[in-house]
Amino acid sequence: MSSDRAIEQARRLTVALAGNPNSGKTTIFNALTGSRQHVGNYPGVTVEKKVGVCRHRGVWLDVVDLPGTYSLTAYSTDELVARRFVIDQHPQVVVDILDASNLERNLYLAVQFMELGIPLVLVLNMSDIAAARGYVFDLEELSALLGGVPLVQAVGNRGEGIEEIRDAIVGVATGARRIRPVPITYGPEIDKEIGKLAAVLEPEADRLAPRQVRWVALKLLENDRPIRERIRHVCGNAAGVLAAADDAIARLKKILGDEPEIIIADRRYGFISGACQETVKNTVELRHTRSDEIDAVVTHPVLGLPIFLGLMYVVFWATFRLGEYPMDAIDYAFQWLGQAVGGLWPAGSDSALRSLLVHGVIHGVGAVIVFLPNILILFLAIAVLEDSGYMARAAFIMDRWMHKIGLHGKSFIPMVIGFGCTIPAIMATRVLASRRDRLTTMLILPLMSCSARLPIYMMFTAAFFIEKWRGPVLWMMYVVGAVVAVLAAKLLKSTLLRGEAEPFVMELPPYRAPTVKGTLIHTWQRGWMYVRKAGTIILGVSILLWALTSYPKPHARDIENLAADGQQAATLEYSVAGRVGKAFEPITRPLGFDWRVNTAMMGAFAAKEVFVAQMSIVYSLGDTDESEAQPLQAALRRNYTPLQAVAIMIFSLLGFPCMATVAVMWSESGSWKWALLQWAGLTGLAYIAALLVYQIGSALGLGTG
Amino acid sequence: MTRFGHAEQPGLVSLASLADGATAQLVTVQGGAGLRSRLTAMGLRAGVEVRVIHNGGRGPFVLATGELRIVLGRGMARRVMVVPTRLGGSDTGIPTGTTAPPE
């Protein structure tokens, strides 16, 4: 009865989901919360925060997906974020997902939650695989040795054990399930020092939250920098506490012969081994797994690279070729919508509202949404590569090559994601532990041609190149970007960010068939972010640019003698955007850009794909008879040469990172200087490259006809 | 179990010197506390048995411990000090990339 009442009281619980990378945490998260998820960021850092909701026995569970970590030290942003959430946000329960086949290693994180004294539920995930590998668990005994922490066996991708996890969460949160914390001992010497430090900290307990005193003492012995920082800020006797900690570390080092933090880590494993000794048995000595067999081929010294390049080609082919059909449909739908809305006004009307709706809103957003199929396919492919475990192999294969340009194999993953979008790619550089490696990778990422630039290439290649040449030209754009990225990385690594390459350590997860649900959720979340961008930033910018290109209007008598085309051009030239574009013409003329391109480039700063929307507005503005609307391609062909098109594409590829990139670069690098350096450096580079292309091309008479 | 020794220990060799298929017991990692802490958290700790899956010569190095497969850069593999328990390569008759017989 009493537990029922407790459930009544706890109507809403915050549950943090933790676990090692590759423990199947995301699969459990998806199974727990279904599609009721939303993606945001942890405050202050751009670490992705996924929150999902589910209801169980009348209780709402807000499940927060913490970043996958091996530990709760302060050596990586992910670990700090996970730790901070658990300490500051007080989730009622932490659910730690364990890979049942690697229990000891996975329990290392669990032990650290136990040290924090947080109500814990442990999930032995992928227990089917563990069983197949011959592991047998005595769950009852293991749970008892861990202080009564509930242990739930689950198979995330088949949805097994999910109800039991929910039961355990509610049970632990409501106190129906009693947990008595087991004291973890680190050996007499360390235990004694923890006691002494805790005594020093005791007077400050209010400021540290009482149950954390021993934990803070432990962390001080581990020489944990953020904890020292915190002591310095909140403690009255900070100097005394830190001096006591330093003394303790020095004493322990002398007695034990090594850094206390290493010994403490070792003692945690000692505790785990003790608990697993009698409770985890392996009956089969399976030394070579299916994954090893696949790896023998996939990471083969000779075959590895061609297989990788082949897969990348398949991804590209699928993105562009399969995307064509839905794109045509979307294009058609928006054209129809534009005509339908335009038709609400009498023919020949020059209503400002009609122009705003048709040209500003529908054309602008349509020009962006049309690329949604491409983006969905690309993210689907990336999700499959990631979830299957291949992405880690790609990093491994590429390490040899990345090393040559002074980067880390892991830098390759953000670079691949960069082909989708620079923003998540910059965020993905968090996997790099060295700041130098991370900054170098972040700085060159905009050179990986993102999907938002694809519309620009598609527009120009479709207009200026015959069918047969479009593919190769597109491919070349990506290759040029990648080659320049390599050169830039090499340059940065030998000048501004000189230094030793960070040691390379990475886990190769076993290969797994990606789950349909997980892949679709992942793809949908990315796709939705793109749609949201189209609905907000791009819609706003489209309207702003429409206004900038429409106003101020020239006086009717100044243009009444001109033909329709001429009137259109005159109107544009007279507008704010036209004037700004014109002001820049002397600077961009050597690149072959006219003021219209400059104007559209202004839009590209907001988001690269706006360039396309802007060009379509620039060339359809002022025409009042919808049936006579000129297709954009014909307008482009009339106004530009193929050489100019290539110069514009090169400029868009290399330079002018969008404002979202600047913002994320600022927050991720922690300094506006890096963001500014990146923006100015790349734009300067783009200017020089476009200048060379246009001037040399003109001199040789290439593509000028 | 000696593990803190920066002092030489008989039979102590660098992981990078082992051939494919060799097994060894990890003794210590030469490096700063941060690096050692990270490796420990990933499961590469003193006392575990490791097996060389792939010694890539100049490229990265793949090793197994339990069911885990971990890639190390070349420089890292050199810093991991082990005591070999079984030689790999031709000594064991295990050709690279095929299934090893269960013990």
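How each quantity is defined
Residues numbered from 1 in each chain as written. Chains lettered and ligands numbered in written order. Predicted model: local features only at pLDDT ≥ 70, side-chain atom pairs only at ≥ 80, totals over all residues. Heavy atoms only, no water. Helix = DSSP H or I, 4+ residues; strand = E, 2+ residues; numbered from the N terminus. Buried < 20%, exposed > 50% of the residue type's maximum accessible area, 1.4 Å probe, protein only. Areas by Shrake-Rupley, 256 points an atom, 1.4 Å probe, with all protein chains shown as cover. Lys, Arg positive; Asp, Glu negative; His and termini not counted. Charge placed at Lys NZ, Arg CZ, Asp CG, Glu CD. Axes fitted to C-alpha atoms, helices over the stretch in contact; angles between N-to-C directions. Parallel < 35°, antiparallel > 145°, perpendicular 65-115°, else oblique. Left-handed = near helix turned anticlockwise from the far one by under 90°. Contact = heavy atoms within 4.5 Å. Nonpolar A, V, L, I, M, F, W, Y, C, P; charged D, E, K, R; others polar. Buried area = accessible area lost by both parts, 1.4 Å probe. Salt bridge = Lys/Arg side-chain N within 4 Å of Asp/Glu carboxyl O. Core = buried A, V, L, I, M, F, W, Y, C linked by side-chain atoms within 4.5 Å. Pairing = 2+ DSSP bridges. Polar contact = N/O pair within 3.5 Å; in protein donor to acceptor, adjacent residues only side chain to side chain. pLDDT = per-residue confidence, 0-100. Phe/Tyr/Trp six-rings, centres within 6.5 Å; stacked < 30°, edge-to-face > 60°. Lys NZ or Arg CZ within 6 Å of the ring centre and 35° of its normal.

For this particular structure, what's the right way to read the overall build of chain A?
A tally of helices and strands in chain A yields 34 helices and ten strands. For chain A, the proportion of its 705 residues judged to be buried stands at 56%. For chain A, the exposed surface amounts to about 29,800 Å²; the carbon and sulfur share of it is 61%. Side-chain charges in chain A split into 67 positive and 64 negative, and the spacing between the mean points of these groups amounts to 3 Å.

Is there a simple way to explain the packing of helix H8 (residues 188-201) of chain A against helix H10 (residues 213-221) of chain A in this structure?
The angle between the axes and the distance between the axes are what describe a pair of packed helices. All names here are of chain A. The geometry of H8 relative to H10 is characterised by a closest axis approach of 8 Å and an angle of 120 degrees between their N-to-C directions. Classified by the interaxial angle, the pair formed by H8 and H10 is oblique. As H8 packs across H10, the resulting crossing turns out to be right-handed. Across from Ile 190, Glu 193, Ile 194, Leu 197, Ala 198 and Leu 201 in H8, the residues of H10 making contact are Val 213, Arg 214, Val 216, Ala 217, Leu 218, Leu 220 and Leu 221. Class assignment of the residues belonging to the contact of H8 with H10 gives a composition of eleven nonpolar, no polar and two charged.

Please clarify how the interface of chain B and chain A should be interpreted in this entry.
Many descriptions give the size of an interface as the accessible area lost when the pieces come together. Facing 37 residues of chain B, the contacting portion of chain A comprises 42 residues. Counting the surface lost from both chain B and chain A, the interface buries some 3,600 Å², and carbon and sulfur atoms represent 57% of this. Sorting the residues of chain B by area buried against chain A places Arg 38, Glu 67 and Arg 69 of chain B first, and these three jointly supply 20% of that buried surface. Scanning the region where chain B abuts chain A turns up four salt bridges.

Before we go on, may I ask you to explain the nonpolar core in this structure?
A general tendency of soluble globular proteins is for nonpolar side chains to be buried together. In terms of nonpolar packing, the biggest core is built from 109 residues, with Ile 444, Phe 460, Met 601, Phe 611, Met 615 and Leu 636 of chain A touching the most fellow members. In this structure, Leu 636 of chain A is in contact with Met 459, Phe 460, Ala 463, Phe 464, Met 615 and Tyr 619 of chain A, ignoring residues within four places of it in sequence. Counting residues in each nonpolar core, the second largest holds 94 residues, with Ala 130 and Leu 252 of chain A together with Ala 22 and Met 42 of chain B among its members.

So what exactly am I meant to see when it comes to the sheet that holds strand E10 (residues 505-507) of chain A here?
Hydrogen bonds between backbone groups are what pair the strands of a sheet, and the pairing can be parallel or antiparallel. Ordered by their spatial adjacency, seven strands build an open sheet running E10(A)-E5(B)-E4(B)-E3(B)-E2(B)-E6(B)-E1(B), and the pairing between neighbours is antiparallel. With one partner strand each, in any of the chains shown, E10 of chain A together with strand E1 (13-14) of chain B form the two edges of the open sheet. Across five bridges, the pairing between strand E4 (residues 61-65) of chain B and strand E5 (residues 68-72) of chain B is antiparallel. The partner of Thr 65 of chain B across the bridge, within E5 of chain B, is Leu 68 of chain B. Sheet contacts for helix H19 (residues 390-404) of chain A: E10 of chain A together with strand E3 (49-55), E4 and E5 of chain B; angle to E10 of chain A, the most-contacted strand, approximately 150 degrees.

Got a minute to help me understand H10 of chain A in this structure?
Structural remark: α-helix, 3.6 residues per turn; residues separated by three or four positions point the same way. Residues and elements named next belong to chain A. For H10, the buried fraction is high: eight of the nine residues fall into the buried class. Among all positions of H10, only Val 213, Trp 215, Val 216, Ala 217, Leu 218, Lys 219, Leu 220 and Leu 221 are buried. A positive backbone phi angle near 60 degrees is found at Asn 223, which sits one or two residues after H10.

Help me out: how do you make sense of the packing of helix H11 (residues 225-234) of chain A against helix H12 (residues 238-256) of chain A in this one?
All names here are of chain A. In the contact formed by H11 and H12, the axes pass within 8 Å of each other and the chain directions differ by 150 degrees. Classified by the interaxial angle, the pair formed by H11 and H12 is roughly antiparallel. Between H11 and H12, the residues in contact are Arg 228, Ile 231 and Arg 232 and Ala 238, Val 241, Leu 242 and Asp 246, respectively. Grouping the amino acids of the contact of H11 with H12 by side-chain chemistry returns four nonpolar, no polar and three charged.

Teacher, can you tell me more about the side chain of Asp 292 of chain A here?
Mapped onto the secondary structure, Asp 292 of chain A falls in helix H14 (residues 290-298). Relative accessible area serves as the criterion here: at 5%, Asp 292 of chain A is assigned to the buried category. Of note is the side chain of Asp 292 of chain A, whose polar atom sits 2.7 Å from the side chain of Arg 69 of chain B.

Mind showing me how you'd approach the confidence of the model for chain A here?
In regions of low pLDDT, the predicted coordinates are not meant to be interpreted in detail. Residues and elements named next belong to chain A. Averaged over all residues, the pLDDT of chain A equals 83, while 91% of them reach at least 70. Mean pLDDT values over the elements of chain A span from 56, in helix H1 (residues 2-9), up to 95, in strand E5 (residues 93-99). Between residues 621-630, whose pLDDT stays under 50, and residues either more than four places distant or in other chains, the model counts 14 contacts.

What is the right way to look at the pairing of E5 of chain B in this model?
On a regular strand, one side chain projects to one face of the sheet and the next to the other, so that they alternate. Of all five residues making up E5 of chain B, five are buried, and the element is well covered by its neighbours. Of the two faces of E5 of chain B, the one lined by Leu 68, Ile 70 and Leu 72 of chain B and the one lined by Arg 69 and Val 71 of chain B are each fully buried. One ladder, built from three bridges, connects E10 of chain A with E5 of chain B; its direction is antiparallel. Looking at the pairing, Met 506 of chain A lines up with Val 71 of chain B of E5 of chain B. Taking the residues that link successive antiparallel strands as the turn, the E4 of chain B-E5 of chain B hairpin has two residues, and the phi of Gly 66 of chain B there is positive, at about 60 degrees.

Hey, could you run me through the environment of Tyr 574 of chain A in this one?
All names here are of chain A. Counting through the fold element by element, Tyr 574 comes out in helix H27 (residues 564-574). Take Tyr 574: its relative accessible area is 38%, and that puts it in the partly exposed class. Sequence separation of Tyr 574 and Pro 554 is 20 residues, and the distance between their C-alpha atoms is 6.1 Å. In this structure, Tyr 574 is in contact with Pro 552, Lys 553, Pro 554 and Arg 579, ignoring residues within four places of it in sequence.

What am I meant to see in the pairing of strand E4 (residues 59-65) of chain A here?
Residue and element names in this part refer to chain A. Counting buried residues in E4 gives six out of seven residues, a clear majority hidden from the surface. Bridge analysis of strand E1 (residues 12-19) against E4 gives six bridges, and the strand direction is parallel. Across the sheet, Leu 17 pairs through a bridge with Asp 65, a residue of E4. Pairing of strand E3 (residues 48-56) with E4, which is carried by seven bridges, proceeds in the antiparallel orientation. Bridging from a neighbouring strand, Val 53 pairs with Asp 62 of E4. As consecutive antiparallel partners, E3 and E4 are separated by two residues, and within that stretch Arg 57 has a phi angle of approximately 45 degrees, a positive value.

I keep staring at the packing of aromatic side chains and nothing clicks. Help me out?
A ring pair, where both rings are aromatic, is described by two values, the distance of the centres and the angle of the planes. One pass over the full model with this rule turns up eleven aromatic pairs over all chains. Both rings, one in Phe 593 of chain A and one in Phe 651 of chain A, keep their centres 5.4 Å apart while their planes meet at 90 degrees; by these two values the pair is edge-to-face. Of this pair, Phe 593 of chain A sits in the loop between helix H28 (576-588) and helix H29 (595-606) while Phe 651 of chain A sits in helix H32 (residues 642-654), and the two are 58 residues apart along the sequence. Residue class for Phe 593 of chain A comes out buried when judged on its relative accessible area of 4%. Look at Phe 651 of chain A and you get buried, because its relative accessible area is 6%. With 5.3 Å between their ring centres and 50 degrees between their planes, Phe 656 of chain A and Trp 679 of chain A make a pair best called tilted. Placement of the pair is Phe 656 of chain A in the loop between H32 and helix H33 (659-669) and Trp 679 of chain A in helix H34 (residues 672-700), with a sequence separation of 23 residues. On the basis of relative accessibility, which here comes to 25%, the residue Trp 679 of chain A falls in the partly exposed class. Ring pairing ties together the aromatic residues Phe 593, Phe 651, Phe 656 and Trp 679 of chain A, which thus form one cluster. Over the ring of Tyr 551 of chain A we find Lys 553 of chain A, and its NZ or CZ is 5.1 Å from the ring centre. Directly above the aromatic system of Tyr 269 of chain A lies the positively charged group of Arg 45 of chain B, at a separation of 4.0 Å from the ring centroid.

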